[in-house]
Amino acid sequence: QVQLAESGGGSVQAGGSLRLSCLGSGDGFLKSCIAWFRQTPGNEREGIGYIYPKGMNPRTADSVRGRFTISQDNAKNTAYLEMTSLRPEDTAVYYCAARPGYGCSWSVEFYHYWGQGTQVTVSS
């Protein structure tokens, strides 16, 4: 079992930065692929990237490549999404997700556990 909780969202001007955190609990967390997604009303949930296992090169989507960085601190049971050069189109609810015991996937259906989401709003 894995429980996830995102934090760090908020409102920021275009060009600003935010760091989102995903705090995990449960025995399976450190065995999991950790992924980040985002979603706006009426749209499909969009994969941002993922990291697994510790030490792999994280993958990021074309829409955020060069601006967003995914990392993980196993000692703190936390994964991070560092966002820079934010744009209004980055406005969304951001989620972390996990699946223990496997590799990773871009698919929403792959993941077993989800956080509640945290709102990021970027204004011009």
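None of the values given here were measured: they were computed from a predicted structure.

1. Let's talk about the state of the cysteines
Working step 1: The final tally for this structure, using the stated rule, is 2 disulfides.
Working step 2: With its disulfide-bonded cysteines labelled consecutively along the sequence, the chain is connected as 1-3, 2-4.

2. So, the pattern of salt bridges
Working step 1: Counting across every chain of the model gives 4 salt bridges.
Working step 2: Arg 38 is the partner of Glu 46 in a salt bridge, and the nearest nitrogen-oxygen pair spans 3.0 Å.
Working step 3: A relative accessible area of 30% means that Glu 46 is categorised as partly exposed.
Working step 4: We classify Arg 38 as buried; its relative accessible area is 7%.
Working step 5: Across the pair Asp 62 and Arg 65 runs a salt bridge whose closest N-O atoms are separated by 2.4 Å.
Working step 6: Using a relative accessible area of 48% as the deciding quantity, one classes Arg 65 as partly exposed.
Working step 7: Through salt bridges with shared partners, a single ionic network connects Arg 38, Glu 46, Arg 67 and Asp 90.

3. Structural notes on the packing of aromatic side chains
Working step 1: Per the counting criterion, the structure on display carries 6 aromatic pairs.
Working step 2: A centroid spacing of 5.0 Å and a plane angle of 80° characterise the contact between Phe 110 and Tyr 111, whose relative ring orientation is edge-to-face. Note on accessibility: Phe 110 and Tyr 111 belong to one class, buried.
Working step 3: Taken together, the ring pairs in this structure connect Phe 37, Tyr 95, Phe 110, Tyr 111 and Trp 114 into an aromatic cluster.
Working step 4: Lying across the ring of Tyr 95, Arg 45 places its NZ or CZ 3.8 Å from the centre.
Working step 5: A cation over a ring is seen here: Arg 99 above Phe 110, with NZ or CZ 4.6 Å from the ring centre.

Conventions and cut-offs
- The residue count restarts for each chain, going from 1 along the sequence in the order it is written.
- Local features in this predicted model are restricted to residues whose pLDDT is 70 or higher, and side-chain atom pairs enter the listing and the counts only when it is 80 or higher, whereas totals over whole chains, interfaces and linings include all residues.
- Heavy atoms from the whole structure form the basis of all side-chain values; hydrogens and water molecules are not counted.
- Here, two cysteine sulfur atoms that lie within 2.5 Å of each other are counted as a disulfide.
- Just to be clear on terms, a salt bridge is a Lys or Arg side-chain nitrogen sitting within 4 Å of an Asp or Glu carboxyl oxygen.
- In this scheme, a residue with accessible area under 20% of its type's maximum is buried, one over 50% is exposed, and one in between is partly exposed, where area comes from a 1.4 Å probe on protein chains only.
- Aromatic contacts are taken between Phe, Tyr and Trp rings whose centres are within 6.5 Å, Trp giving its six-membered ring; a plane angle under 30 degrees counts as stacked, one over 60 as edge-to-face, and the others as tilted.
- We count a charge as sitting over a ring when the NZ of a lysine or the CZ of an arginine lies within 6 Å of the ring centre and within 35 degrees of the ring normal.

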